[in-house]
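Take a look at the letters that make up each chain.
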Amino acid sequence: MADTTATTTAPETYEDPRVQDTFKKVHKFIGLYGVISVIVLGTVAAMAITGNEASPFMWIRGSILLLVWPLFHRMATRSAQGDARQYDRLGTVTVILPIAIIVVDLIPGLCPPWYAAMQGVSALALVGAAVLTRGAAVRNVFPKLAKKKKA
């Protein structure tokens, strides 16, 4: 009788090709978030140059969200290398930040609709990364974290 457990078992290390493929996709979502953040800030700059509304809120928020992009990229890189602490942080920020972005965007009068829509699209990119980091293939690589959160 053939042993089928080799094809159906969960990955045991971060070096497993399925885990690395997942982290490549996470990097793509984080890259998309960064590109959208650049576009948002560029649009704010274009609006300011052309004399349209570009509030300090839009400048500051756009800058902060762009500045955290390299940090997210670093977290994903280290997670892909087996760093459980960075994996935990990445999983947390990719869930919390999209919620925060959307909640702030829903505050009436704080920012124009086009700005809120662009920020919402960047939040969707982080949602994609959050979904991938919670997949079974990746979670099984960091079992101590999973046990710790259950306790």
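Residues numbered from 1 in each chain as written. Predicted model: local features only at pLDDT ≥ 70, side-chain atom pairs only at ≥ 80, totals over all residues. Heavy atoms only, no water.

### What to know about the overall build of the protein chain
1) Next: A count of helices and strands for the protein chain gives 8 helices and 0 strands.
2) Next: Counting from the amino terminus, the protein chain carries its helices and strands in the arrangement α-α-α-α-α-α-α-α.
3) Next: Counting across all 151 residues of the protein chain, residues that qualify as buried make up 35%.
4) Next: Put simply, of all contacts in the protein chain between residues at least 6 apart along the chain, 75% involve residues at least 24 apart.
5) Next: Carbon and sulfur atoms make up 68% of the accessible area of the protein chain, which amounts to about 8,900 Å² in all. (Helix = DSSP H or I, 4+ residues; strand = E, 2+ residues; numbered from the N terminus. Buried < 20%, exposed > 50% of the residue type's maximum accessible area, 1.4 Å probe, protein only. Contact = heavy atoms within 4.5 Å. Areas by Shrake-Rupley, 256 points an atom, 1.4 Å probe, with all protein chains shown as cover.)

### A word on the UniProt feature "transmembrane region" (unreviewed entry) in the protein chain
1) Next: The feature "transmembrane region" (unreviewed entry), as given by UniProt, occupies residues 30-50, 56-72, 93-115 and 121-142 in the numbering adopted here.
2) Next: Between the first and last C-alpha atoms of residues 30-50 the distance is 30 Å; the span itself is 95% helix and 0% strand.
3) Next: Helix makes up 70% of residues 93-115 and strand 0%, with an end-to-end C-alpha separation of 21 Å. (UniProt positions renumbered as here; feature names shortened; annotations may be inferred.)

### What about the side chain of Ser37?
1) Next: One can find Ser37 in helix H2 (residues 17-49).
2) Next: According to the relative accessible area criterion, Ser37 is buried, its value standing at 4%.
3) Next: The contacts of Ser37, once residues within four sequence positions are left out, are Leu65 and Leu66.

### Points about helix H3 (residues 56-67)
1) Next: Here H3 contains 12 residues, and its C-alpha end-to-end distance of 16 Å stays within 8% of the 16 Å for a straight helix at 1.5 Å per residue.
2) Next: Looking only at H3, the buried set comprises Met58, Arg61, Gly62 and Leu65. Around the axis of H3, the buried residues are gathered within 100 degrees of arc, so they sit on the same side. Turned more than 90 degrees away from the buried face of H3, the exposed residues are Pro56, Ile60 and Leu67.
3) Next: On its buried face, H3 is in contact with H2, helix H4 (69-80), helix H5 (84-105) and helix H6 (113-133). (Expected span 1.5 Å × (residues − 1). Arc of directions from axis to C-beta.)

### As for the packing of H3 against H4
1) Next: Packing of H3 against H4 brings their axes to within 4 Å, and their N-to-C directions diverge by 20 degrees. It follows from the interaxial angle that H3 and H4 lie roughly parallel. Of the residues in H4, those in contact with Leu65, Leu66 and Leu67 of H3 are Trp69, Pro70 and Leu71. (Axes fitted to C-alpha atoms, helices over the stretch in contact; angles between N-to-C directions. Parallel < 35°, antiparallel > 145°, perpendicular 65-115°, else oblique.)

### So, the pattern of salt bridges
1) Next: With the rule as written, the count across this model stands at 1 salt bridge.
2) Next: Residue Arg61 pairs with Asp105 through a salt bridge whose shortest N-O separation is 2.5 Å. Of this pair, Arg61 sits in helix H3 while Asp105 sits in helix H5; the two residues are 44 residues apart in sequence, bridging distant segments of the chain.
3) Next: The buried category is assigned to Asp105, whose relative accessible area is 13%. (Salt bridge = Lys/Arg side-chain N within 4 Å of Asp/Glu carboxyl O.)

### Concerning the side chain of Gln86
1) Next: As for its placement among the helices and strands, Gln86 is situated in helix H5.
2) Next: On the basis of relative accessible area, Gln86 is assigned to the buried category, the value being 8%.
3) Next: Contacts of Gln86, omitting those with residues within four sequence positions, involve Met75, Arg78 and Ser79.

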